[in-house]
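Coordinates in review
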Amino acid sequence: AGWAQILIFAALCEFGPNPKMEEWRTGAPGDYGKGFLGMFGPVMDPEKKKRSLSAEISNGRLAMMAITGMVVQNGITGTTDSAMWFGS
């Protein structure tokens, strides 16, 4: 039942009742025209926008590598918390 709820939620997020969610087909990926947290307005300088997008992609890749390292560490040692360093 849990996986079905997750899949239904994901489907509602993608194809849900909000008709304004169609901008993903026309706009640039990740650019919703709202700026940082919707507070500071959109980034108008194309060079800054390119640099910000590059930084966001790099940070996302770093986060994926970090979680992959934690999964591998858990698979090898059986733990990722302080028990690995200080014993249990």
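Residues numbered from 1 in each chain as written. Predicted model: local features only at pLDDT ≥ 70, side-chain atom pairs only at ≥ 80, totals over all residues. Heavy atoms only, no water.

Here we come to the overall build of the protein chain. For the protein chain, the count of helices and strands is four helices and zero strands. Taken from the N to the C terminus, the helices and strands of the protein chain come in the order α-α-α-α. Counting the 88 residues in the protein chain, one finds 1% classified as buried. Carbon and sulfur atoms make up 67% of the accessible area of the protein chain, which totals about 8,100 Å². (Helix = DSSP H or I, 4+ residues; strand = E, 2+ residues; numbered from the N terminus. Buried < 20%, exposed > 50% of the residue type's maximum accessible area, 1.4 Å probe, protein only. Areas by Shrake-Rupley, 256 points an atom, 1.4 Å probe, with all protein chains shown as cover.)

This brings us to a nonpolar patch on the surface. A surface patch of nonpolar side chains, amounting to about 400 Å² of accessible area, comprises M64, I67, M70 and V71. Inspection of the secondary structure assignment puts I67 in helix α3 (residues 46–77). (Patch = residues over 30% accessible without salt bridge, like charges linked within 9 Å, V, L, I, M, F, W, Y side chains within 5 Å. Salt bridge = Lys/Arg side-chain N within 4 Å of Asp/Glu carboxyl O.)

We now examine α3. For α3, spanning 32 residues, the distance from its first C-alpha to its last is 46 Å, which sits close to the expected 46 Å at 1.5 Å a residue. Just downstream of α3, G78 is the residue with a positive phi angle, here 90°. (Expected span 1.5 Å × (residues − 1).)

Considering every residue of the protein chain, the mean pLDDT works out to 79; 75% of them sit at 70 or more. Confidence scores differ between elements of the protein chain, with helix α2 (residues 23–26) showing the lowest mean pLDDT of 64 and α3 the highest of 88. (pLDDT = per-residue confidence, 0-100.)

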